[in-house]
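Structural overview for review
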Amino acid sequence: MQRTVWTLLLLAALLSSCAPVNLNATLPVFETGVDPETWALIPAGEFLSGQFNHQVAIDYDYEIMITDVTVTQYVAYLNAALASGELEIVDDKVTGYYTGDEFRGARHEVEITAGNYIYVPLDDPASTFRYDGSIFSVKSGYENHPMTNVSWFGARAYCLYYDYRLPTELEWEKAARGSEDGRPFPWGDEIARNQANFYTTRDPFEDMATFGSRTTPVGFYNGLTYDGYQTLDGASLYGLYDMAGNVWQWTGDVYERMHYRFMRGGSKDSYEMDLRIWARNNATPTYYSPGVGFRCVRTPLK
Amino acid sequence: MQFIKDRFIYLFKSTKGLILVAIVMISIETALFGMLSGPMADLGVRDVVVRALKIDLVHAEREGRIIILYHSIAMAVVAIEVYMITSLLKMKNFYRTVARAFVTIGYLMAMIFGMAFAYWGHNWVLHGLYITGLSLIFFAGVFLTIGLWPWDKEYHIVDKAYAQTRGGVDMERVAFFTAALTTLISSFFGAIPASFYGNGFETFLAENIVRYPDKSVMEYSIIGHLHIMLTLIAVMLTLIIGRWMDFKGILHKIAMPLMIVGTIVLNLGVWGVPTPLEPVAHMVIYVGATPSMLAALGLVIFGWDKLIRTGVAGIKKPTGWQKFKALIRDPLRFGPLWQMVFMNFTVSGLGILMAVRLDEVFRMWPAREERVELTGHWHVLAAIIATIILLYYGDMLGFKGKLRQWYGWGIIIASNIAFGAVTIFEMKRLFISEAEQQPLVNTIIYLMDFGLGMLLVILALVMFWRLVDLFNRKGRWKTEEKQELSGEVK
């Protein structure tokens with residue numbers, strides 16, 4: 001009898017691991033009051049870079065979006081770029097042209113030739129937008145969430161379309177850290193569960209028993225209370241949100257002898273160690289995931 | 001006073017006492033610092049521990065802390081191996097005593113002062129004492145290696161059942177000597193870069209730089225060092241288990257030369273990593289790993305065959321089922337060999353799969369996924385080594401009957417569940433998408449936590465019993481005081 005009970009319990013546990021995940025589970029909707037169209041000016045000058053605080057200078061001013069690019073923003077781009085013929089839809093993928101990288105034949109280096117590459121998939125159930133054959137639209141509730149499931153090519157193309165570009169790793173780091181000190185997180189030295197969206201933070205968008213973690217709206221961690229959930233202000237010194245957690249952010253550097261592109265910031269699925277400002281992640285430029293997004297930089301408007 | 005003196009003599013002069021102290025130290029460190037990461041951090045236990053113990057977790061120093069943590073645990077494991085070797089093999093008393101004294105003081109210093117430095121602020125005196133501890137362990141290795149010198153006529157063997165040269169040189173002793181000597185040399189590949197990176201606590205974890213095409217000599221050196229040191233600990237343990245099981249016969253004669261050649265070639269490959277030979281180093285490592293693993297396979301076949309033969313002795317025509325029952329009737333002797341086999345599923349097999357399909361599969365995933373595989377498979381290897389030691393330790397404790405069964409099978413089953421779950425976790429991207437993984441991940445995490453939790457509970461129970469036993473005037477410790485492992489070879 002006892003053996004049967006244990007066997008049944010074990011079987012139930014194993015079966016529960018095969019339970020399908022409802023990717024369309026109800027999403028809470030919150031207005032954060034943070035405008036994704038806002039840019040922050042990062043002045044030229046020195047700052048402490050990396051884990052060991054090496055002094056580095058960026059000798060020009062630049063502006064960076066204070067939030068990740070949202071699904072609404074990206075969908076608007078997709079519709080505009082599709083209309084202007086800059087995108088192609090092939091095999092359930094939105095693709096676009098890339099001029100290719102110089103190939104040096106290093107070990108494990110994969111050649112990125114000129115050609116069309118995936119921007120976003122259309123058949124991925126984790127995508128936060130829809131395509132009805134002619135128009136792209138946002139899945140309800142995701143309007144102010146960061147755009148995810150977007151490849152490096154797709155992120156770069158968005159920025160270029162509006163005469164912006166992806167930040168270099170150094171630009172990203174300076175924007176996250178500021179010039180005052182060698183802080184590990186955009187807001188300071190310590191991290192609390194309700195200061196950023198990372199693994200098991202128990203935010204209103206997370207249910208670890210079923211679908212796991214989900215993105216939070218951009219700028220969600222701004223000190224406001226949402227339906228009883230009190231956040232701490234996670235803004236950087238320059239007023240940027242989500243520079244730690246929520247989604248990994250593609251950066252623009254193309255390094256010699258490797259095809260990988262680098263991401264910064266950590267995501268909803270990261271432990272806090274990957275939210276430290278110097279933590280890096282990388283992937284092939286065609287990689288996309290529900291935990292990867294981006295933001296852009298631009299030259300300051302005169 | 002006599003009470004303390006007797007216990008002190010047992011704990012720091014007898015083989016089994018020394019092993020017990022090292023296991024206790026590892027247990028305490030694992031239990032304490034295990035609360036700072038993983039599920040314990042998620043559950044909020046870490047915050048409580050950090051506050052209660054006033055631990056100073058500077059975020060920029062995480063990598064340095066972890067390196068010291070790994071080293072301090074590894075040093076205690078090395079000490080256990082030194083105690084076992086010096087108890088199992090004949091050795092001049094001087095070398096035996098000095099090796100034991102140095103390794104004991106060394107690992108305790110490394111553990112206590114290293115961890116204090118890493119987790120309770122940067123007092124550089126503590127760091128100096130930590131380095132002194134590591135240095136003492138190195139010198140313990142020097143004395144051990146000299147003590148193992150196999151060409152001394154005193155250690156020649158005449159029993160033809162064991163691998164030997166025509167002149168009677170004990171090939172098994174040569175294998176021990178080779179592993180000890182190459183361990184000493186390989187330690188430089190960590191010590192030199194450590195002096196470089198440790199100067200100012202500026203360091204890195206190898207798993208974070210694997211994809212960078214251009215690595216410095218120091219970085220390559222560390223990558224080589226961490227791989228070979230764990231491998232050599234495993235090689236040494238395989239030899240120890242072989243000695244405990246009185247490995248002999250034709251398989252011994254095949255296995256020992258293979259182990260010697262494998263160890264040398266493996267090391268040559270790893271030493272080539274920080275040199276211009278790096279592009280071919282991997283191939284050399286594969287060439288070296290193959291005979292080493294074949295030697296271990298020889299031990300497994302010998303050991304299992306012995307278990308079966310002993311178990312069915314007296315049965316005229318044993319059936320397959322009877323043979324199987326004979327094989328698994330003693331988990332403490334079946335277990336170490338099974339763990340070596342199981343390692344192939346969770347470590348070697350995975351490593352080979354990764355090597356063969358690296359660019360096509362694993363490097364299509366983000367670096368953080370690759371990191372999970374890298375750290376996962378060597379954590380499992382380290383933990384398997386620990387379980388093999390614990391199984392052997394169970395035999396040293398003289399567990400009999402149901403206690404032996406519960407202890408042995410408890411360790412085997414709990415560890416296999418945990419390590420199997422870790423392996424599925426590492427490979428999950430092969431069969432499930434990121435968006436749909438959570439229910440599977442939950443089950444895997446439960447299994448991991450259950451397995452590791454059970455292991456720690458078993459360990460805690462044994463340690464508690466040993467503690468209570470020390471208060472008993474005629475306790476188990478009194479029996480163990482004079483026992484040597486060479487007297488328990490069977």
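Residues numbered from 1 in each chain as written. Chains lettered and ligands numbered in written order. Predicted model: local features only at pLDDT ≥ 70, side-chain atom pairs only at ≥ 80, totals over all residues. Heavy atoms only, no water.

1. Focus on the overall build of chain B
- What chain B contains, in helices and strands, is 17 helices and zero strands.
- Structurally, chain B occupies a C-alpha span of about 60 × 60 × 45 Å along its principal axes.
- Counting only residues that meet the buried cut, chain B has 55% of its 490 residues in that class.
- A total of about 21600 Å² of accessible surface is found on chain B, and carbon and sulfur atoms cover 72% of it.
- Placing the 46 positive and 36 negative side-chain charges of chain B at their respective mean positions leaves the two points 13 Å apart. (Helix = DSSP H or I, 4+ residues; strand = E, 2+ residues; numbered from the N terminus. Buried < 20%, exposed > 50% of the residue type's maximum accessible area, 1.4 Å probe, protein only. Areas by Shrake-Rupley, 256 points an atom, 1.4 Å probe, with all protein chains shown as cover. Lys, Arg positive; Asp, Glu negative; His and termini not counted. Charge placed at Lys NZ, Arg CZ, Asp CG, Glu CD.)

2. So, the interface of chain A and chain B
- On the chain B side, the residues contacting the 51 residues of chain A number 37 residues.
- Carbon and sulfur atoms supply 47% of the area buried between chain A and chain B, which totals about 3600 Å² over both sides.
- The tally of links between chain A and chain B comes to six salt bridges.
- Applying the counting rule to chain A against chain B returns 24 residue pairs in polar contact (both at pLDDT 80 or more).
- Of all the secondary-structure elements, those providing two or more residues to the side of chain A that touches chain B are helix H1 (2-16), strand S13 (261-264) and strand S14 (280-283) of chain A.
- When grouped by side-chain class, the residues that make up the side of chain A that touches chain B number 26 nonpolar, 13 polar and 12 charged. (Contact = heavy atoms within 4.5 Å. Buried area = accessible area lost by both parts, 1.4 Å probe. Salt bridge = Lys/Arg side-chain N within 4 Å of Asp/Glu carboxyl O. Polar contact = N/O pair within 3.5 Å; in protein donor to acceptor, adjacent residues only side chain to side chain. Nonpolar A, V, L, I, M, F, W, Y, C, P; charged D, E, K, R; others polar.)

3. Re the packing of aromatic side chains
- Using the criterion set out here, one finds 58 aromatic pairs over all chains in the structure.
- Judged by centre distance (4.9 Å) and plane angle (85°), the ring pair of Tyr70 of chain B and Trp378 of chain B falls under edge-to-face. Within this pair, whereas Tyr70 of chain B is found in helix H5 (residues 62-88), its partner Trp378 of chain B is found in helix H14 (residues 367-396), the two being separated by 308 residues in sequence.
- Among the aromatic residues, those joined into a cluster by ring pairs are Trp39, Tyr74, Tyr77, Tyr158, Tyr161, Tyr162, Tyr164 and Phe294 of chain A.
- The ring of Phe211 of chain A carries the charged tip of Arg214 of chain A above its face, separated from the ring centre by 3.9 Å.
- Its guanidinium or amino end placed over the ring of Tyr260 of chain A, Arg211 of chain B lies 4.8 Å from that ring's centre, counting from NZ or CZ. (Phe/Tyr/Trp six-rings, centres within 6.5 Å; stacked < 30°, edge-to-face > 60°. Lys NZ or Arg CZ within 6 Å of the ring centre and 35° of its normal.)

4. Overview of the sheet that holds strand S1 (residues 39-42) of chain A
Residues and elements named next belong to chain A.
- As summarised here, the arrangement of the three strands in space is S1-S4-S16, forming an open sheet in which the pairing is antiparallel. Each having just a single partner strand, S1 and strand S16 (297-298) make up the two edges of the open sheet.
- One ladder, built from four bridges, connects S1 with strand S4 (residues 62-65); its direction is antiparallel. Across the sheet, Ile42 pairs through a bridge with Tyr62, a residue of S4. (Pairing = 2+ DSSP bridges.)

5. A closer look at the domain arrangement of chain B
Residues and elements named next belong to chain B.
- Domains assigned within chain B are domain 1 (19-148), domain 2 (155-328) and domain 3 (330-471).
- Each of domain 2 and domain 3 was reduced to a C-alpha centroid, and the two centroids are 20 Å apart.
- Between domain 2 and domain 3, the residue contacts involve 23 residues of the former and 32 residues of the latter.
- Interface of domain 2 and domain 3: buried area, both sides summed, is about 2400 Å²; carbon and sulfur atoms make up 74% of it.
- Seen at the junction of domain 2 and domain 3, the total is one salt bridge.
- Between Glu370 and Arg211 there is a salt bridge, with the nearest N and O atoms lying 2.6 Å from each other.
- For the side of domain 2 that touches domain 3, the secondary structure elements donating two or more residues are helix H9 (217-244), helix H11 (278-312) and helix H12 (320-328).
- A per-class count over the side of domain 2 that touches domain 3 returns 17 nonpolar, three polar and three charged. (Domains from an automatic or database assignment.)

6. Regarding the sheet that holds strand S5 (residues 88-90) of chain A
All names here are of chain A.
- Taking strand neighbours across the sheet as the criterion, the three strands line up as S5-S6-S7 in an open arrangement whose pairing is antiparallel. The open sheet has two edge strands, S5 and strand S7 (115-121), and neither has a second partner. For this sheet, the mean inter-axis angle between neighbouring strands, taken without regard to orientation, is 45°.
- Relative to S7, strand S6 (residues 93-98) runs antiparallel, the two being bridged by six bridges. When the sheet's bridge partners are listed, Thr95 is paired in S7 with Ile118.
- Strands in contact with helix H2 (residues 71-83) are S5, S6 and S7; relative to S7, the strand with the most contacts, it is inclined by about 140°. (Axes fitted to C-alpha atoms, helices over the stretch in contact; angles between N-to-C directions.)

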